Amino acid sequence: MGRALINVPPKARKGQVIDIKALVSHPMETGYRTGPDGALVPRDIINRFLVTWNGQEIFSADLFPAIAANPYFAFTTIAQESGTITFRWFDDKGNAQVETAAIVVE
Amino acid sequence: MRRLVAIAGVALGLAAGLQASRGDERRSGATFMSPQTQALQADDAANPGMLSVADGQAQWSTPAGPNGTACTACHGDARDTMRGVAARYPAIDAVSGKAVDLMGRINLCRTRNMGAPALPAEGAELLGLAAYVGFQSRGLRIAPPTGAAMDAVRDAGRALYTRRQGQLDFSCAACHDDNWGRRLAAAPIPQAHPTGYPLYRLEWQATGSLQRRFRNCMTGVRAEPWPYGSDEAIALEAFLMDRARGMAVETPAVRP
């Protein structure tokens, strides 16, 4: 997998609703397109996106072939405690891309 | 209500620097897009072109060639040294005396200054470097170089822009000067200002160059597209940049 851009506020108050955004580069090859040789290009999509905060799941999504290349997710969550937010994207090839962001909650 | 909408429209255009000054009819392609696509371009956290910028940023300091030199070795921090550079390309390369565009210039640095092979046209690496260099000019005004040599290149570009071509026998001007603002099937016809390249095109699902955009328009009228980096393509780029002189650079833009 390629590059990811994640957007997490570095600081938040306890109980505050915060915005989290995550953009990752991935071709999201549907498996329905033909290549120059006329044969089907094998499907290769991110099929699952999982976000945890200090190990506890706060957001996840299953993805399907109709989702465009370079998927972008934006969601909100409630700030509870300082620590690490971990983003994981899993694709059909069995690759996982992992990114982390630190956040301080006061 | 209508006046409010008009005021909001002007405010939006000015805020984004997408419109030239009053009395100037020139408009960035962004102003023809839906509000949703405009919002995608405006938010750096959502704009997928920023992935290419991040790619280029990483390459900027990655060594290449036999001596293991990186762009940083000669150019330092791109935020200082590359500011405004993309706004004045294509330009004449002093060594060959020929016009080169930004990607050609980057490849000259690879081959001449780093002893590394040229990066393939339209590959993620070259697009990334061009997007990163272009990003350093975002918001600055397009300011093509003056001089007789560039004038000759731009004249050649203007001739190509106004020449009818392809099985459908259209010139670029027939759509982009005479019919901008109207629709070609569902797509609004923009004025063809090259303000945002390399940019992320939703139809491509990828970042692409201005020359890739030319190819789309040329195959659209069933003309044979020019090869990447050809004199024709560079002349047309130079003409379009001059036609957009003073408009703001948007790299990396988003287009439908």
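Structure: see above.
No experiment lies behind these values; they were computed from the predicted model shown.

## Here's the deal with the overall build of chain A
Now for step 1: In terms of helices and strands, chain A carries zero helices and eight strands.
Now for step 2: Starting at the N terminus and walking to the C terminus, you meet the elements of chain A as β-β-β-β-β-β-β-β.
Now for step 3: Its C-alpha atoms give chain A principal-axis dimensions of roughly 60 × 20 × 20 Å.
Now for step 4: Here chain A holds 106 residues, and 40% of them are scored as buried.
Now for step 5: If you sum the accessible surface of chain A, you get close to 5,800 Å²; carbon and sulfur atoms cover 51% of it.

## Remarks on empty space enclosed by the protein
All names here are of chain B.
Now for step 1: Per the counting criterion, the structure on display carries one cavity of 30 Å³ or more.
Now for step 2: In this structure, the largest cavity spans a volume of roughly 40 Å³.
Now for step 3: Surrounding the largest cavity, Gln211, Phe214, Arg215, Met218, Trp226, Pro227, Tyr228 and Ala233 form its lining.
Now for step 4: Element by element, the count of residues in the lining of the largest cavity is highest for helix α10 (residues 210–220), at four residues.
Now for step 5: Partitioned by chemical class, the residues of the lining of the largest cavity number six nonpolar, one polar and one charged.

Here is what the cut-offs are and how they apply
Residues numbered from 1 in each chain as written. Chains lettered and ligands numbered in written order. Predicted model: local features only at pLDDT ≥ 70, side-chain atom pairs only at ≥ 80, totals over all residues. Heavy atoms only, no water. Helix = DSSP H or I, 4+ residues; strand = E, 2+ residues; numbered from the N terminus. Buried < 20%, exposed > 50% of the residue type's maximum accessible area, 1.4 Å probe, protein only. Areas by Shrake-Rupley, 256 points an atom, 1.4 Å probe, with all protein chains shown as cover. 1 Å grid on protein atoms, 1.4 Å probe; cavity = no way out; pocket = protein on both sides within 12 Å on 5 of 7 lines; lining within 4 Å. Points joined across faces, edges and corners; volume = space filled by probe spheres on them. Nonpolar A, V, L, I, M, F, W, Y, C, P; charged D, E, K, R; others polar.

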